[in-house]
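Reading the structure
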Amino acid sequence: MAAGGAAAEAVRALVDRRQTLSVAESLTGGLVAATIVEIAGVSAVFRGGLVVYATDLKHSLAGVPRQLLDARGPVDPDVALALAEGVRERCGSDWGLATTGVAGPEPQDGKPVGMVFVAVAGPAGAAVRELSLPGSRAEIRTASVTCALSLLVAELRGSTPGITG
């Protein structure tokens with residue numbers, strides 16, 4: 001599913017549920033939010049987002065525990081979950097969506113280029129996915145957006161009967 005299609009499906013599902021979304025982005029640098037706001041009607045469901053590219057901002061703005069960041073670094077599944085949960089809480093939304101990873105061109109803190117974690121936190125819990133994405137920096141960032149939005153759609157489908165794709 002392309003990013004735009006996943007964004008449109010997520011917005012429709014959120015409108016139907018009367019629920020809201022916020023995003024916390026690291027390697028995608030605002031691309032998730034930009035993709036979501038392309039969809040007509042999004043103002044009814046999109047609260048906003050945080051671009052927390054620097055590690056210290058993941059703590060100070062998104063609420064990721066400093067101990068977690070110190071122990072594991074910013075590219076970690078629990079950091080992705082903490083970003084999703086933190087933005088959900090801080091923006092007052094029903095759902096939080098997050099990205100963190102290494103877009104390249106060089107590895108970061110021993111993590112390979114293309115290692116990405118996307119996470120979603122919602123009313124009934126949270127989920128995270130590890131991705132190993134090939135390609136250029138731009139391709140990795142674009143694929144990360146698609147995967148994050150697809151995870152959100154999957155969680156929206158799974159959390160309420162009757163939502164189908």
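About the cut-offs
Residues numbered from 1 in each chain as written. Predicted model: local features only at pLDDT ≥ 70, side-chain atom pairs only at ≥ 80, totals over all residues. Heavy atoms only, no water. Pairing = 2+ DSSP bridges. Helix = DSSP H or I, 4+ residues; strand = E, 2+ residues; numbered from the N terminus. Axes fitted to C-alpha atoms, helices over the stretch in contact; angles between N-to-C directions. Contact = heavy atoms within 4.5 Å. Expected span 1.5 Å × (residues − 1). Buried < 20%, exposed > 50% of the residue type's maximum accessible area, 1.4 Å probe, protein only.

1. Notes on the sheet that holds strand β2 (residues 46-51)
Within the open sheet, the 5 strands sit side by side as β2-β1-β3-β4-β5. Their pairing is mixed. Lying at the two open borders of the sheet, with one neighbouring strand each, are β2 and β5 (125-132). With direction set aside, neighbouring strand axes in the sheet form an average angle of 10°. Packed on one face of the sheet, helix α5 (residues 77-91) meets β1 (21-25), β2, β3 (95-101), β4 (115-122) and β5 and runs near 145° to β3.

2. Some details on the environment of V87
With respect to the secondary-structure elements, V87 resides in helix α5. Setting aside anything within four residues of it in sequence, one finds V87 in contact with S22, V23, A24, L50, A62, G92, S93, G96 and L97.

3. Here's the deal with helix α1 (residues 3-17)
An α-helix turns once every 3.6 residues. As a result, residues three or four positions apart point the same way. With 15 residues, α1 extends 21 Å between its outermost C-alpha atoms, agreeing within 8% with the 21 Å of an ideal straight helix rising 1.5 Å per residue. Taken as a whole, α1 has its buried residues at A3, A6, A7, A8, E9, A10, V11, A13, L14 and R17. R18 lies just past α1 and shows a positive phi near 60°.

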